[in-house]
Structures are given as structure tokens and as C-alpha cells.
Amino acid sequence: NGTSRRFDFRVGFFVLPAQPPPPVIGFNPRRHCPTASPKNGRHFIGTDPHDSNRLDQAIPEVGFASSDAAMEAFIGWTEDQGLQLYPHQEEAILEIFADNHLIINTPTGSGKSLIATAMIFKCFAECGVAYMTAPIKALVSEKFFSLCRIFGAENVGMMTGDGAVNRHAPIIVC
């Protein structure tokens, strides 16, 4: 009939803070958070724990001294990846690390996932649990593999109606 439909799949995320909140921003989750340690020393293909492209490697052994230090580590990682932040991404990242709430309303392909990654990184550094939600299983799977490359497969889990992978991980995609 000549009409077309435009589908705009949005990715949502929310964070459950660590209980009780840590006194400083972040202990190294690989050393101090019981849910984040790799099991039996296993690592998955493409998730070398010593890969400098992994964002979890940006967390110092003693954690960050401040939110500003964590934000600088995240921005440094984006620069190392060759990413140039859009102004709305910079503004959102500043708000995230200032512990402010925000709502992102931008078109598809404008960088919301990178903003979500900043929030997940902050939560991960603080030993919290982060949940990223998506409306369809294919997008859940895509985000799961993307976050595995960024944070390491041992730190990311996936839950769908069909099953769960690493469901006790500190980062869950569902």
C-alpha cells in the first residue's frame, strides 16, 4: 500500500547500587567483588583478561580515589578506542559521574550505548550490579557480546526467556 513503518528499538539500562555503598568509588571488581571473579581461571575466546582494550582493565588495583578519576579513565578508554564523543555524550557522561539521574532522548545511531557503557563502568567500578535491557532477543545477544568484548566474558551475563548465561555476573543483559 506504499506506507512504511519506522521501528526505533531503544536500549534501556538501570543500575542496582552495591549494598551497602562502598566508602570510596570502587574497589577493583576483579579482586574485591565476590560476584566478579572468574571461575576456575577460565577465559573465553576474545576476552583476554590482559587485553588493554578491555574497560575493566582501566580500574586500578586499589580502586579510584574519586568519581573524577573514574571519569578520566573512561574518557581515556574512549580516546584509546579512537572514539570522539558527541556533545550530548560528554554532557551525559559528566552527569553520570556526578551521580545525577538523566534521561537520554536521541535518535537511533547517536551513541546511547556508549553512554550506557559509561554508566555500567561506573557501577562496575563501585562493585554494583548493572542491568541493560533490550526489547528483543537479537538485540540482547548483540549487546551481550559487545559488553563481553568491553568488560570480559567473566563479568557479563545474559538472561532471556530461553535461558541464562553467567547469571550471577555484575553486568547482566536481559
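Whatever comes next refers back to the structure up there.
All values derive from a computational prediction rather than experimental measurement.

A. Inspection of the pattern of salt bridges at higher detail. Under the definition given, this model contains five salt bridges. A salt bridge links Lys137 to Asp162, with the nearest nitrogen and oxygen atoms 2.5 Å apart. With Lys137 in helix α5 (residues 137–151) and Asp162 in the loop between β3 (156–160) and β4 (163–165), the pair connects residues that are 25 residues apart, well separated along the chain. What makes Lys137 partly exposed here is its relative accessible area of 47%. The class of Asp162 is exposed, set by a relative accessible area of 63%. One continuous salt-bridge network, built from bridges that share partners, spans Arg54, Asp56 and Glu154.

B. Region of the structure containing the nonpolar core. In this structure, Phe74, Phe97, Phe121, Leu147, Phe151 and Val156 are the most contacted members of the largest nonpolar core, which totals 37 residues. When residues of this core are assigned to their parent elements, the largest contribution, nine residues, is made by helix α4 (residues 112–125). Setting aside residues no more than four positions away along its own chain, Phe121 makes contact with Leu55, Ile59, Phe64, Ala70, Ala73, Phe74, Phe97 and Phe151.

C. Region of the structure containing the side chain of Lys122. Relative to the assigned elements, Lys122 resides in helix α4. With relative accessibility at 5%, the residue Lys122 sits in the buried group. In this structure the side chain of Lys122 is engaged in a polar contact, spanning 2.8 Å, whose partner is the side chain of Glu126.

D. How the structure looks around the packing of helix α3 (residues 87–97) against α4. Where α3 meets α4, the closest approach of the two axes is 10 Å, and the angle between their N-to-C directions is 20 degrees. Judged by the inter-axis angle, α3 sits roughly parallel to α4. For the crossing formed where α3 meets α4, the hand is right-handed. Contacts from His88, Gln89, Ala92, Ile93, Ile96 and Phe97 of α3 reach α4 at Leu114, Ile115, Ala118, Met119, Phe121 and Lys122.

Definitions and limits used
Residues numbered from 1 in each chain as written. Predicted model: local features only at pLDDT ≥ 70, side-chain atom pairs only at ≥ 80, totals over all residues. Heavy atoms only, no water. Salt bridge = Lys/Arg side-chain N within 4 Å of Asp/Glu carboxyl O. Helix = DSSP H or I, 4+ residues; strand = E, 2+ residues; numbered from the N terminus. Buried < 20%, exposed > 50% of the residue type's maximum accessible area, 1.4 Å probe, protein only. Core = buried A, V, L, I, M, F, W, Y, C linked by side-chain atoms within 4.5 Å. Contact = heavy atoms within 4.5 Å. Polar contact = N/O pair within 3.5 Å; in protein donor to acceptor, adjacent residues only side chain to side chain. Axes fitted to C-alpha atoms, helices over the stretch in contact; angles between N-to-C directions. Parallel < 35°, antiparallel > 145°, perpendicular 65-115°, else oblique. Left-handed = near helix turned anticlockwise from the far one by under 90°.

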